[in-house]
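Structure at a glance
In case you want the letters, here they are:
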Amino acid sequence: MDSSIILFFDLFGTMIFAITGAVKGIRNRLDLLGVLFFAVTVGCGGGMLRDALIGSTPVAAFNDYRYFLVCIIAGIACFILSPVAIGRWAIIIYSDAIGLGVFTALGVAKAAGMGVSVVGQIMSGMFTAVGGGIIRDVFSKEIPMVFTSDFYATASVLGALMYVLLHNFTALDANALLFSTAVFTTLLRIVGYRYHFKLPVARMHGEEKRR
């Protein structure tokens, strides 16, 4: 796979998650430094986790200043535009869905390029996609969206599985695999959000009586 394509997807996904981090920081009434901290850690967190897990070290964000630069620019832009753009929750939801799709595709592809097993590829896609969101929600003192939201991590796992199947049983080239996986995962997350798809939750003893 062309390294320039991987770099583009990685920087794009980093920018998207940096935006969600910055928006979350603004909604939590943080100052400029806090917003930029959220942008950098959320933007780079998933990719750093991915690289550490598959042995691609030093992690990409430590070898290329552009990752941090993209996060800083995204954070400053969100901070400046906050009076007109941050009041809507949809900004986080849809931006996060795009980031989820892009990082799922990239995580699987990068793991496959490192010779990781199929299970490892799927896990790499999921951890890449949800890592930044978990950091964002933990910093915000919330239960991470990945554990509670409509089809979040599930969308990532299904997207990663689709990549693996297409990679092994079709003749699609690397670029088509990345694009189709990113779009599929993004749409699955958005549909899950809009129609409230949920995995079953265990009931506790006596819960039915309390209702």
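**Considering the packing of aromatic side chains**
- The tally for this structure, following the rule as stated, stands at eight aromatic pairs.
- Relative to Phe 9, the ring of Phe 8 lies with its centre 6.0 Å away and its plane at 80°, an arrangement referred to as edge-to-face.
- Overall, the relative accessible area of 13% leaves Phe 9 in the buried class.
- Judged by centre distance (5.9 Å) and plane angle (75°), the ring pair of Phe 151 and Phe 197 falls under edge-to-face. With Phe 151 in the loop between helix H7 (145-148) and helix H8 (153-169) and Phe 197 in the loop between helix H9 (174-195) and helix H10 (207-210), this residue pair connects regions lying 46 residues apart in the sequence.
- Note on Phe 151: relative accessible area 16%, which makes it buried.
- Judged by relative accessible area, which is 36%, Phe 197 ranks as partly exposed.

**With respect to the environment of Leu 187**
- Its location among the elements puts Leu 187 in helix H9.
- Residue Leu 187 is classed as partly exposed on the basis of its relative accessible area, which comes to 49%.

**Looking at the packing of helix H2 (residues 32-54) against helix H6 (residues 118-139)**
- Contact geometry for H2 and H6: axes closest at 8 Å, N-to-C directions at 145°. Of the two elements, H2 crosses H6, and the hand of that crossing is right-handed. On H6, the residues touching Phe 37, Phe 38, Thr 41, Val 42, Gly 45, Gly 46, Leu 49, Arg 50, Leu 53 and Ile 54 of H2 are Ser 124, Phe 127, Thr 128, Gly 131, Gly 132, Ile 135, Arg 136 and Phe 139.
- Taken together, the residues of the contact of H2 with H6 break down into nine nonpolar, seven polar and two charged.

Conventions adopted
- Residues numbered from 1 in each chain as written.
- Predicted model: local features only at pLDDT ≥ 70, side-chain atom pairs only at ≥ 80, totals over all residues.
- Heavy atoms only, no water.
- Phe/Tyr/Trp six-rings, centres within 6.5 Å; stacked < 30°, edge-to-face > 60°.
- Buried < 20%, exposed > 50% of the residue type's maximum accessible area, 1.4 Å probe, protein only.
- Helix = DSSP H or I, 4+ residues; strand = E, 2+ residues; numbered from the N terminus.
- Axes fitted to C-alpha atoms, helices over the stretch in contact; angles between N-to-C directions.
- Left-handed = near helix turned anticlockwise from the far one by under 90°.
- Contact = heavy atoms within 4.5 Å.
- Nonpolar A, V, L, I, M, F, W, Y, C, P; charged D, E, K, R; others polar.

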